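# Analysis of the macromolecular model
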Amino acid sequence: MENLKIAYIFAGHFRTFNPDWFHFHHNSDIFIHTYDRLGFWSSKDSVNMDTDIVSLDMIHHKFGKFSQNIKHVVIESENSKLPIIQNYAQIMESNKIHYARPFNFISMHMKRLSALEAFFDFTTQHHLTYDIVFLFRPDFPFRRYDSVHSADITNDFIYIEGYPNYNNNPDWYNDFFVIGNMSQLCQLKNIYIDSFKDY
């Protein structure tokens with residue numbers, strides 16, 4: 001992938017982010033859409049907002065030597081989407097949709113939408129194009145770059161197999177990561193827009 005232009009989009013709470021979990025290289029740009037709190041999960045209130053404040057300086061510090069690759073950062077208030085997220089989570093629960101934490105699930109996907117909208121607004125405005133786009137959660141390591149080949153994303157999203165975690169059980173990457181070209185990520189953005197349009 002060394003000769004490809006790559007965009008890394010980080011969407012969500014930074015929490016336990018570590019830049020060593022990701023393989024950046026010289027021909028890549030980083031886009032970030034996060035909240036103003038680190039936001040660790042809490043069994044009491046879904047997201048514990050009483051955590052450290054996130055700032056632009058803190059983000060650059062966390063990325064260390066890779067901060068020079070940061071192209072665009074959006075930091076929004078944790079409270080800005082709470083009513084929408086809570087409304088959608090209640091719909092999930094009322095329809096007996098099985099998920100342990102509906103609030104967290106909806107929050108994650110709404111943040112992906114916000115990150116994709118910001119990414120495409122920025123790239124359109126600045127006439128930027130990328131061969132591969134990675135959409136990540138900042139707080140979850142990705143170790144399967146060996147599975148990513150440019151030819152594989154010409155027509156379809158890449159399905160990433162599980163990777164053994166510390167309990168030697170597979171973590172299902174497709175729940176946390178999306179990999180594709182710009183056209184495919186734009187399609188995903190439009191799917192999210194259609195899904196959330198009434199909320």
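Here's what I pulled together on the structure shown here. Worth saying up front: this structure is predicted, and the values here are computed from it rather than measured.

Parameters and conventions
- Residues numbered from 1 in each chain as written.
- Predicted model: local features only at pLDDT ≥ 70, side-chain atom pairs only at ≥ 80, totals over all residues.
- Heavy atoms only, no water.
- Pairing = 2+ DSSP bridges.
- Helix = DSSP H or I, 4+ residues; strand = E, 2+ residues; numbered from the N terminus.
- Axes fitted to C-alpha atoms, helices over the stretch in contact; angles between N-to-C directions.
- Contact = heavy atoms within 4.5 Å.
- Buried < 20%, exposed > 50% of the residue type's maximum accessible area, 1.4 Å probe, protein only.
- Core = buried A, V, L, I, M, F, W, Y, C linked by side-chain atoms within 4.5 Å.
- Phe/Tyr/Trp six-rings, centres within 6.5 Å; stacked < 30°, edge-to-face > 60°.
- Lys NZ or Arg CZ within 6 Å of the ring centre and 35° of its normal.

### Description of the sheet that holds strand E2 (residues 28–35)
Pairing within the open sheet is mixed, and its five strands lie in the order E5-E2-E1-E6-E9. Edge positions in the sheet fall to strand E5 (70–76) and strand E9 (178–180), since each of these pairs with one other strand and no more. Across the sheet, the mean angle from the axis of one strand to that of its neighbour is 10°, orientation sign disregarded. Strand direction decides the pairing type here: strand E1 (residues 6–11) and E2, joined by six bridges, are parallel. Bridge assignment links Ile9 to a residue of E2, and that residue is Phe31. Seen against the sheet, helix H1 (residues 56–63) touches E1, E2 and E5 and runs at an angle of roughly 135° to E5.

### Considering unusual backbone geometry
Phi is positive for Arg15, close to 45°, though the residue is something other than glycine. Examined against the element boundaries, Arg15 turns out to sit in the loop between E1 and E2. Owing to a relative accessible area of 16%, Arg15 belongs among the buried residues under this scheme. Despite not being glycine, His127 shows a phi value in the positive range, around 55°. Following the sequence through the fold, His127 ends up in the loop between helix H3 (102–125) and strand E6 (132–136).

### What to know about the nonpolar core
Here is a general trend for soluble globular proteins: nonpolar side chains tend to be buried in one another's company. Counting 27 residues, the largest nonpolar core has Phe10, Phe22, Ile30 and Phe63 as the members making the most contacts within it. Looking at this core, the elements with two or more residues in it are E1, E2, H1 and E6. Among the nonpolar cores identified, the runner-up in size contains 21 residues, and Ala7, Phe122, Leu185 and Leu188 belong to it.

### Some thoughts on the packing of aromatic side chains
Inspection of every chain in the model, using the stated rule, returns 22 aromatic pairs. Pairing Phe17 with Phe22 gives two aromatic rings, centres 5.9 Å apart and planes at 15°, and the pair type is stacked. Classification of Phe17 by relative accessible area gives buried; the value is 6%. What links up through ring pairs into an aromatic cluster is the set Tyr8, Phe10, Phe14, Phe17, Phe22, Phe24, Phe63, Phe66, Phe134 and Phe136. A cation over an aromatic ring shows up here: Lys111 above the ring of Tyr35, its NZ or CZ 4.0 Å from the ring centre.

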